[in-house]
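These are the residues of each chain, in order.
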Amino acid sequence: AIRYEAAKSSITLLSQSSTKASRTDYTDIPVAPNGKKKIAYVGIGVAELNAFGKRVKEDYNADIFLYSYKDSSSKADSIYELVGKDKYDAVIVGIHNYSNRPGNNYTISASAIELWKKLNFIKTATFVFGNVLATENFCEAYTLVACYQDDDITQQAAADLLEGKIISMGRLPVSVCNFKFGSGIV
């Protein structure tokens, strides 16, 4: 219970589509799991569903796409073709299983970054699980959430945030991208 409270209190909403665009077709958090929206979940850095992916699949009846850092760029192209810009009402991307150390870009592969860039359109919400400094790879996200651990408890809290069961209360402990120390949308 204490670890869940810590995760819930630290998850940081850094950007929200509505703060960057005047359009109305963006994906903001929360995304109500009402079954009316068609949702895709793309797990980058995973070969099988984790707690966050399972919740998105169960709660939203989402279509699931997984891409590990060892997968080829042709698999990334295939995922992009399947997800496409206009096929889903919302695309939830989870960035997982990267190194806490900055060497070799936190072990996030170039093809994974390229896949994310292709998927980063206005309907995409990006959740980065782990070292917040790795968020520098995703500065252009329309909706960006920093989750400071990549464990089941943090993933459950992130899914609760996505659904609107909890609100974002976190603040950045460091500056990253154009977000200054102490930033966070509450």
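In what follows, the structure referred to is the one given above.
Residues numbered from 1 in each chain as written. Predicted model: local features only at pLDDT ≥ 70, side-chain atom pairs only at ≥ 80, totals over all residues. Heavy atoms only, no water.

A. The pairing of strand β6 (residues 143-147), seen in detail. With five of its five residues buried, β6 lies for the most part within the structure. Burial along β6 is two-sided: Thr 143, Val 145 and Cys 147 and Leu 144 and Ala 146, pointing in opposite directions, are all buried. Relative to β6, strand β5 (residues 124-129) runs parallel, the two being bridged by five bridges. Within β6, the position partnered with Ala 125 by the bridge is Thr 143. (Buried < 20%, exposed > 50% of the residue type's maximum accessible area, 1.4 Å probe, protein only. Helix = DSSP H or I, 4+ residues; strand = E, 2+ residues; numbered from the N terminus. Pairing = 2+ DSSP bridges.)

B. A look at the pairing of β5. Of all six residues in β5, six are buried; the element is thus mostly enclosed. Burial along β5 is two-sided: Thr 124, Thr 126 and Val 128 and Ala 125, Phe 127 and Phe 129, pointing in opposite directions, are all buried. Bridge analysis of strand β4 (residues 90-95) against β5 gives five bridges, and the strand direction is parallel. Across the sheet, the residue bridging to Gly 94 is Phe 127, located in β5.

C. Examining the side chain of Ser 15 more closely. Of note, Ser 15 is situated in strand β1 (residues 12-15). With relative accessibility at 2%, the residue Ser 15 sits in the buried group. A polar contact is formed between the side chain of Ser 15 and the backbone oxygen of Ala 141, at a distance of 3.2 Å. (Polar contact = N/O pair within 3.5 Å; in protein donor to acceptor, adjacent residues only side chain to side chain.)

D. Inspection of the packing of helix α3 (residues 73-83) against helix α5 (residues 110-119) at higher detail. The N-to-C vectors of α3 and α5 enclose an angle of 15°; their axes lie 9 Å apart at closest approach. Classified by the angle their axes make, α3 and α5 are roughly parallel. Crossing hand, α3 versus α5: right-handed. Every residue of α5 that contacts α3 at Ser 73, Ala 76, Asp 77, Ile 79, Tyr 80 and Val 83 is listed here: Ser 111, Leu 115, Lys 118 and Leu 119. Tallied by class, residues from the contact of α3 with α5 come to six nonpolar, two polar and two charged. (Axes fitted to C-alpha atoms, helices over the stretch in contact; angles between N-to-C directions. Parallel < 35°, antiparallel > 145°, perpendicular 65-115°, else oblique. Left-handed = near helix turned anticlockwise from the far one by under 90°. Contact = heavy atoms within 4.5 Å. Nonpolar A, V, L, I, M, F, W, Y, C, P; charged D, E, K, R; others polar.)

E. View of a nonpolar patch on the surface. Where nonpolar side chains cluster on the molecular surface, the patch consists of Ile 167, Met 169 and Val 186 and spans about 320 Å² of accessible area. One can find Met 169 in the segment after α6 (152-163). For Met 169, a relative accessible area of 40% corresponds to the partly exposed category. (Patch = residues over 30% accessible without salt bridge, like charges linked within 9 Å, V, L, I, M, F, W, Y side chains within 5 Å. Areas by Shrake-Rupley, 256 points an atom, 1.4 Å probe, with all protein chains shown as cover. Salt bridge = Lys/Arg side-chain N within 4 Å of Asp/Glu carboxyl O.)

F. Local environment of the sheet that holds β4. The six strands are arranged β1-β6-β5-β4-β2-β3 in an open sheet whose pairing can be described as mixed. Strands with a single pairing partner mark the edges of an open sheet, and in this sheet they are β1 and β3 (63-67). The mean angle between the axes of side-by-side strands here comes to 20°, regardless of whether they run parallel or antiparallel. Sheet strands in contact with α5 are β2 (39-44), β3, β4 and β5, and its direction is about 160° off that of β2. Sheet strands in contact with α6 are β4, β5 and β6, and its direction is about 160° off that of β5.

G. Quick peek at the packing of helix α1 (residues 2-10) against α6. Between α1 and α6, the shortest axis-to-axis distance is 9 Å and the interhelical angle comes to 50°. Accordingly, the angle class assigned to the pair α1 and α6 is oblique. The element α1 and its partner α6 pack so that their crossing is right-handed. Residue-level inspection shows Arg 3, Tyr 4, Ala 7 and Lys 8 of α1 in contact with α6, the latter providing Ile 153, Thr 154, Gln 156, Ala 157 and Asp 160. Here the residues of the contact of α1 with α6 sort into four nonpolar, two polar and three charged.

H. Region of the structure containing α5. Looking at α5, one finds that the buried residues are Ser 111, Ala 112, Ile 113, Leu 115, Trp 116 and Leu 119. Those residues of α5 that are buried are in contact with β2, β3, α3, β4, α4 (103-106) and β5.

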